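Observations on the model geometry
Each chain, written out:
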Amino acid sequence: MPCQYPALTPEQRKELSDIAHRIVAPGKGMLAADESTSIIAKWLQSIGTENRGKSKANDDGHSSKVIKDKGGIVGIKVDKGVVPLSGINGETTTQGMDGLSECCAQYKKDRADFAKWHYNGIVPIVEPEILPDGEHNLKSCQYITVCQYTLAAVYKALSDHHIYLEGTLLKPKMVTPGHACTQKYSHEEIAMATVTALQQIVPPVVTGNTFLSGGQSEEDASINLSAINTCPLHKPWTLTSSYSQALQASILKTWDGKKENVKATQEEYIKRATAKLLKASILQVESQELQPESLCL
Ligand code: 13P
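Just so you know, these numbers come straight off a predicted model, no measurement behind them.

When helices and strands are counted, the protein shows ten helices and eight strands. Out of the 297 residues in the protein, the part that is buried amounts to 38%. The long-range share in the protein, meaning contacts at least 24 apart out of those at least 6 apart in sequence, stands at 72%. A total of about 17300 Å² of accessible surface is found on the protein, and carbon and sulfur atoms cover 54% of it.

Laid out in structure tokens, this is it:
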């Protein structure tokens, strides 16, 4: 049956795919600084700094120009967060969808190239988040990652909506045991479980996986990403980071809300952003002979 939706032109496809490739170019990762104002308020409170309200940059797009001029790529948070869905216990719905297409067209003109939604030349970063809370072990997390509630549902929905996968990035959580799980796993076991899960469901044409840190410590998030990249399994996509907490926890402490700490904070940020590269060579030497284990429960 012919597709009833307007297809992207070859130029539009190329643009999306080029942006996605540039975001995950070798050695590159992302800083995810798109927390809601309420989360930022909590972070600022933790260092005794006042939250002055909305996080709207008041610089006429100057910061996005600075980032672009330095070769970076700018993304934007386009939704307005979630609110409880009336009548259903515990379910939420996303705000800010009205007029999203027109908003994205304007954001594109203002130099944004990616977001967590897709429209008008904006590369969508698709993020199915699995929370790390609970006692579940590594195998349960692997199963939940690929099952019909998570990645399988995501790729069914993307297919239903005729999304051009080459112009998308996936932002998954690594397969890790729950925070309250008593069993300990090596970085190599986490890497094998993660890549095996992705292999089962993420199409090879998807340009890259940009992991969130998902409650891991900064150290674990760096070492696990290195283990994922060095594990001896077929990886048809680029695998990199799009961390928020695992990149911002120490820099927040270093900054401590004080102007005189800005330089030290910038240095701490560079240290964290490059940590994964240092760990990669160590893991290559220590890598064990683990076998992937697919799950069919
Ligand atoms: P974490 O790295 O803290 O899990 O958050 C990632 C994220 O999606 C923020 O937008």
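Along helix 6 (residues 151-160), the residues classified as buried are Leu151, Val154, Tyr155 and Leu158. End-on, the buried residues of helix 6 take up no more than an arc of 90°, which puts them together on one face. Where the residues of helix 6 are buried, they touch strand 5 (123-126), helix 5 (138-146), strand 6 (169-170) and helix 7 (187-201). Positioned one or two residues after helix 6, His162 has a phi angle of 55°, which is positive.

The next thing to look at is unusual backbone geometry. Its identity is not glycine, yet Asn120 carries a phi of approximately 45°, on the positive side. Residue position: Asn120 is located in the loop between strand 4 (114-115) and strand 5. Assessed through its relative accessible area of 38%, Asn120 is described here as partly exposed. Positive phi values are uncommon outside glycine, yet Asp256 reaches one of about 55°. Within the fold, Asp256 resides in the loop between helix 9 (245-255) and helix 10 (262-286). Using a relative accessible area of 29% as the deciding quantity, one classes Asp256 as partly exposed.

With that settled, the discussion passes to the site of the ligand. Taken together, the residues surrounding the ligand are Ala32, Asp34, Lys116, Glu127, Lys171, Leu212, Ser213, Gly214, Ser242, Tyr243, Ser244 and Gln245. Backbone polar atom of Gly214 to an oxygen atom of the ligand: 2.7 Å apart, as the coordinates give it. Contact with the protein chains covers 89% of the free accessible surface of the ligand, which is 300 Å². Taken together, the residues of the shell around the ligand sort by class into three nonpolar, five polar and four charged.

Looking at the element boundaries, Lys139 is found in helix 5. Placed 51 residues apart in sequence, Lys139 and Ile190 show a C-alpha to C-alpha distance of 9.8 Å.

This paragraph deals with helix 7. For helix 7, built from 15 residues, the straight-helix expectation of 21 Å at 1.5 Å per residue is met to within 8% by its first-to-last C-alpha distance of 22 Å. For helix 7, every residue scored as buried is listed here: Glu188, Ile190, Ala191, Met192, Ala193, Thr194, Val195, Thr196, Ala197 and Leu198.

Side chains of strand 7 (residues 208-211) alternate between two faces, with Gly208 and Thr210 and Asn209 and Phe211 buried alike. Here strand 6 runs beside strand 7; their pairing, made up of two bridges, is parallel. Bridge pairing links Leu169 to Gly208 in strand 7. Considered for its hand, the β-α-β crossover made up of strand 6, helix 7 and strand 7 is right-handed. Both strand 7 and strand 8 (residues 238-243) contribute to a ladder of four bridges, which runs parallel. Directly across from Phe211, in strand 8, lies its bridge partner Ser241.

What follows deals with the packing of helix 5 against helix 7. Interhelical geometry of helix 5 versus helix 7 gives an angle of 20° and a closest axis separation of 9 Å. The angle between helix 5 and helix 7 falls in the class roughly parallel. As helix 5 runs across helix 7, the sense of the crossing is right-handed. Residues Leu138, Gln142, Thr145 and Val146 of helix 5 lie in contact with helix 7, whose contacting residues are Glu189, Ile190, Ala193, Thr196, Ala197, Gln200 and Ile201. Across the contact of helix 5 with helix 7, the residue classes break down as six nonpolar, four polar and one charged.

What follows deals with the pattern of salt bridges. Scanning the model with the defined rule gives 13 salt bridges in all. Lys108 is paired through a salt bridge with Glu15; the nearest N and O atoms lie 2.9 Å apart. Of this pair, Lys108 sits in helix 4 (residues 100-109) while Glu15 sits in helix 1 (residues 10-23), and the two are 93 residues apart along the sequence. Given the relative accessible area of 33%, Glu15 is considered partly exposed. Salt-bridge contacts for Lys77 lead to Asp79; the nearest nitrogen and oxygen are separated by 3.8 Å.

Rules of the game
Along each chain, the written sequence defines residue order, and numbers are assigned to residues from 1. In keeping with the model being predicted, local features are shown solely for residues with a pLDDT of at least 70 and side-chain atom pairs are shown and tallied solely at 80 or more, while totals for entire chains, interfaces and linings include all residues. The basis for every side-chain value is the complete set of non-hydrogen atoms in the structure, without hydrogens or water. Strands are runs of DSSP state E lasting at least 2 residues, helices are runs of H or I lasting at least 4, and numbering of each runs from the N terminus. The buried label applies to any residue whose accessible area, calculated with a 1.4 Å probe on protein chains only, is under 20% of its type's maximum; exposed applies above 50%, and partly exposed to all values in between. Here, residues are in contact when the closest pair of their heavy atoms is within 4.5 Å. Computed with the Shrake-Rupley method and a 1.4 Å probe, the accessible areas treat only the protein chains shown as cover for residues. When we speak of the arc, we mean the arc of directions from the helix axis to the C-beta atoms. Here a residue is considered near a molecule or strand provided that any single heavy atom belonging to it is located within 4 Å of it. Each polar contact in these results corresponds to two N or O atoms within 3.5 Å; when the atoms are within protein, one needs to be able to donate a hydrogen and the other to accept it, and residues that are neighboring in sequence are counted only if both atoms are side-chain atoms. Each residue gets one of three labels, nonpolar for Ala, Val, Leu, Ile, Met, Phe, Trp, Tyr, Cys and Pro, charged for Asp, Glu, Lys and Arg, and polar for the others, Gly among them. What a helix should span is 1.5 Å times the count of its residues minus one. Pairing between strands requires that DSSP locate at least two bridges from one strand to the other. Look down the strands so they point away from you; if going from the first strand over the helix to the second traces a clockwise path, that crossover is right-handed. Here the axes come from fitting lines to C-alpha atoms, over the contacting stretch only for helices, and the angles between their N-to-C directions go from 0 to 180 degrees. Note that the term roughly parallel is reserved for angles under 35 degrees, roughly antiparallel for angles over 145, roughly perpendicular for angles of 65 to 115, and oblique for everything else. Handedness of a crossing is defined here by the sense of rotation of the near helix relative to the far one, left-handed for an anticlockwise turn of less than a right angle and right-handed for a clockwise turn. The term salt bridge refers to a side-chain nitrogen of Lys or Arg lying within 4 Å of a carboxyl oxygen of Asp or Glu.

Remember that the coordinates give geometry; whether it matters functionally is a separate question.
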